[in-house]
Amino acid sequence: MPDTLKNQPLSLYIHIPWCVEKCPYCDFNSHEVKNDIPEDDYVSALLADLDDDICRFNLTQRPLFSIFIGGGTPSLFSAPAIKRLLDEVLARFNHDDDIEITLEANPGTVEADKFRGFFNAGVNRLSIGVQSFASDKLIKLGRIHDSKQAKIAAKLATESGVTSFNLDLMHGLPNQSLDNALDDLKTAISLNPNHISWYQLTIEPNTIFHSKPPKLPVDDILWEIQDKGLELLKNAGYEQYEISAYAKPGFQCQHNLNYWQYGDYLGIGCGAHGKITNSNTQTITRTVKVKHPKGYLDTSRDFLDKLLTVTSDDRPFEFMMNQLRLHNAFNVSHFEKSTGVNIDTILPYLQEAKQKHLMTNKVTKTDEEWRVTTKGHRYLNDLLAIFL
Ligand SMILES: C[S@@+](CC[C@H](N)C(=O)[O-])C[C@H]1O[C@@H](n2cnc3c(N)ncnc32)[C@H](O)[C@@H]1O
Ligand code: SF4
């Protein structure tokens, strides 16, 4: 039966909603720290939130595939708080000994002991938000750290014991030239991370940059930055596997790959999203948790804000929106198992994409695979529009 839903690998996203300051470009659910962070209460709330989800979706038998502690600025939490959180989470699931556990860190909030403490707590992958190494750009972006602190954070990550670390960089920054952008990448590469996330700055509604737009590079420069940056990363041994993600062989982020391959994930913490497949009931459910820390920590309230069912009409589109970001192919059998929908439903759209040279397919002995072409990646919005 091709059109039957099967349970997908289960990841866990944990949201920490506090930052030292709010950056003017950021629309993530993050709040400036006003007083002390109630980290003990928050960890207790996260665990209660997790227990509610485990019970709601009857997850006691599902092995855990990866954990990602994101934010906000999780590195504002102490290592003992992260250890308590991870010990308790891991005790609730079966998991491999080397399960990928990522924590996001801001270079303005770390020192040597802290990274080592996170490693001893179980974190084996650090993701450091650098954004740029140019002083004028860091000031314009409202970052709380300078270039030197960013370089120190990378060095500390290398020495902390973690298996892998990522540097987050942005390009297309206010008044950024091609050389500025390439210099940022060259500095990042010289610090030898095994993963680089290289995002083009987007101006999001409800941010300061939206109400007071900075002067951004023109389209020609943006194209050139993208082209030359890609070449630089490739020559340095970083393979692009998603729109903004580049990794040395073997160091792709397993947690993010699971999202993009339409895997399942629990989302705990303020405003966190989750997606759970249930092969018994043949349903896919999405969860959204209470957004504001005040409401989330209010013990008289439920952590859950919304519970939504993903209809079989919506699933193919959701699948494609994620999968088309990736450079690897997807199998028809994977599409059918994770959406519960027969491939025939989207075949006319796949054929249209193929006709326009945006996608290509290959029939193997046991399956059929589809992938996005180089042209498809370049004109991704046109490709996405086919599936809308
Ligand atoms: C969830 S944020 C958290 C990272 C961490 N709090 C920090 O900023 O140091 C993850 C990454 O998204 C990227 N990002 C955030 N806002 C963005 C925007 N408007 N455009 C492009 N990338 C953005 C940044 O590179 C950031 O490091
Ligand atoms: S530190 Fe990160 S999450 Fe916090 S406001 Fe800045 S970009 Fe957003």
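Please read these numbers as outputs of a predicted model, since none were measured by experiment.

Criteria and cut-off values
- Residues numbered from 1 in each chain as written.
- Chains lettered and ligands numbered in written order.
- Predicted model: local features only at pLDDT ≥ 70, side-chain atom pairs only at ≥ 80, totals over all residues.
- Heavy atoms only, no water.
- Helix = DSSP H or I, 4+ residues; strand = E, 2+ residues; numbered from the N terminus.
- Rg over C-alpha atoms; globule rule 2.2 N^0.38 Å.
- Buried < 20%, exposed > 50% of the residue type's maximum accessible area, 1.4 Å probe, protein only.
- Lys, Arg positive; Asp, Glu negative; His and termini not counted.
- Charge placed at Lys NZ, Arg CZ, Asp CG, Glu CD.
- Near = heavy atom within 4 Å.
- Polar contact = N/O pair within 3.5 Å; in protein donor to acceptor, adjacent residues only side chain to side chain.
- Areas by Shrake-Rupley, 256 points an atom, 1.4 Å probe, with all protein chains shown as cover.
- Nonpolar A, V, L, I, M, F, W, Y, C, P; charged D, E, K, R; others polar.
- Salt bridge = Lys/Arg side-chain N within 4 Å of Asp/Glu carboxyl O.
- Core = buried A, V, L, I, M, F, W, Y, C linked by side-chain atoms within 4.5 Å.
- Contact = heavy atoms within 4.5 Å.
- Phe/Tyr/Trp six-rings, centres within 6.5 Å; stacked < 30°, edge-to-face > 60°.
- Axes fitted to C-alpha atoms, helices over the stretch in contact; angles between N-to-C directions.
- Parallel < 35°, antiparallel > 145°, perpendicular 65-115°, else oblique.
- Left-handed = near helix turned anticlockwise from the far one by under 90°.
- Pairing = 2+ DSSP bridges.

Draft legend 1. Geometry of the overall build of the protein. For the protein, the helix and strand inventory stands at 15 helices and 17 strands. The C-alpha atoms of the protein give a radius of gyration of 21 Å, which matches the 21 Å a tight globule of 388 residues would have. Dimensions of the protein, computed from C-alpha atoms along their principal axes, come out at roughly 55 × 55 × 40 Å. Out of the 388 residues belonging to the protein, those deemed buried represent 52%. Positive and negative side-chain charges of the protein, numbering 40 and 50 respectively, have mean locations separated by a distance of 3 Å.

Draft legend 2. Summary view of the site of ligand 1. Inspection of the region around ligand 1 gives 17 residues, with G72, Q131, R143, D168 and T202 positioned closest. Here an oxygen atom of ligand 1 and a side-chain polar atom of D168 are 2.6 Å apart. Contact distances for ligand 1 include 2.9 Å between a nitrogen atom and a backbone N or O atom of T202. Coverage of ligand 1 by the protein amounts to 90% of the 560 Å² it exposes when considered alone. A per-class count over the shell around ligand 1 returns 5 nonpolar, 8 polar and 4 charged.

Draft legend 3. Representation of the pattern of salt bridges within the structure. Summed over the entire model, instances satisfying the criterion amount to 17 salt bridges. Here R92 makes a salt bridge to D51, at a shortest N to O gap of 2.7 Å. One end of the pair, R92, is in the loop between α2 (79-91) and β5 (95-105); the other, D51, is in helix α1 (residues 39-56), with 41 residues separating them in the sequence. By relative accessible area, which is 32% here, D51 ends up partly exposed. A salt bridge links D227 to R378; its shortest N-O distance comes to 3.7 Å. Of this pair, D227 sits in helix α8 (residues 219-235) while R378 sits in helix α14 (residues 374-378), placing them 151 residues apart in sequence. By relative accessible area, R378 is classed as partly exposed at 39%. One network of salt bridges, in which partners are shared, links D49, D53, R56 and K289.

Draft legend 4. Spotlight on the nonpolar core. Membership of the largest hydrophobic core comes to 69 residues, with the highest contact counts inside it found for I67 and V89. Residues within four places of V89 in sequence aside, it is in contact with L12, I14, L47, L50, L64 and I67.

Draft legend 5. A look at the site of ligand 2. Around ligand 2 lies a shell formed by C19, E21, K22, C23, Y25, C26, S30, G72, T73, N106 and R143. Its residues assigned to classes, the shell around ligand 2 comprises 4 nonpolar, 4 polar and 3 charged.

Draft legend 6. Looking closely at the environment of Y199. Within the secondary structure, Y199 is located in strand β8 (residues 195-200). Classification of Y199 as partly exposed rests on a relative accessible area of 36%. Separated by 167 residues in sequence, Y199 and T366 place their C-alpha atoms 37 Å apart. Residues in contact with Y199, not counting those within four places in the same chain, are D168, L169, M170, H171 and S244.

Draft legend 7. Molecular detail of the packing of aromatic side chains. One pass over the full model with this rule turns up 14 aromatic pairs. A ring pair is formed by W18 and Y42, whose centres lie 5.0 Å apart and whose planes are at 75°; its orientation type is edge-to-face. Pair noted here: W18 is in strand β2 (residues 18-19) and Y42 is in helix α1, with a separation of 24 residues, a long-range link. Among the residues examined, W18 registers a relative accessible area of 8% and is labelled buried.

Draft legend 8. Fine view of the packing of α1 against α2. Where α1 contacts α2, the two axes come as close as 10 Å, and the packing angle between them is 15°. It follows that α1 is roughly parallel to α2 by the angle criterion. In this structure, α1 crosses over α2, and the sense of that crossing is right-handed. Contact residues: α1 offers E39, D40, V43, S44, L46, L47 and L50, while α2 offers A81, R84, L85, E88 and V89.

Draft legend 9. Representation of the sheet that holds strand β17 (residues 368-372) in the model. Taken together, 3 strands build an open sheet; the order of strands is β15-β17-β16 and the sheet is antiparallel. The two strands at the open ends of the sheet, each matched to only one other strand, are β15 (330-331) and β16 (359-363). Of the strand pairs in this sheet, β15 and β17 are connected by 2 bridges, and their pairing is antiparallel. If you follow F330 over to β17, its bridge partner there is W370.

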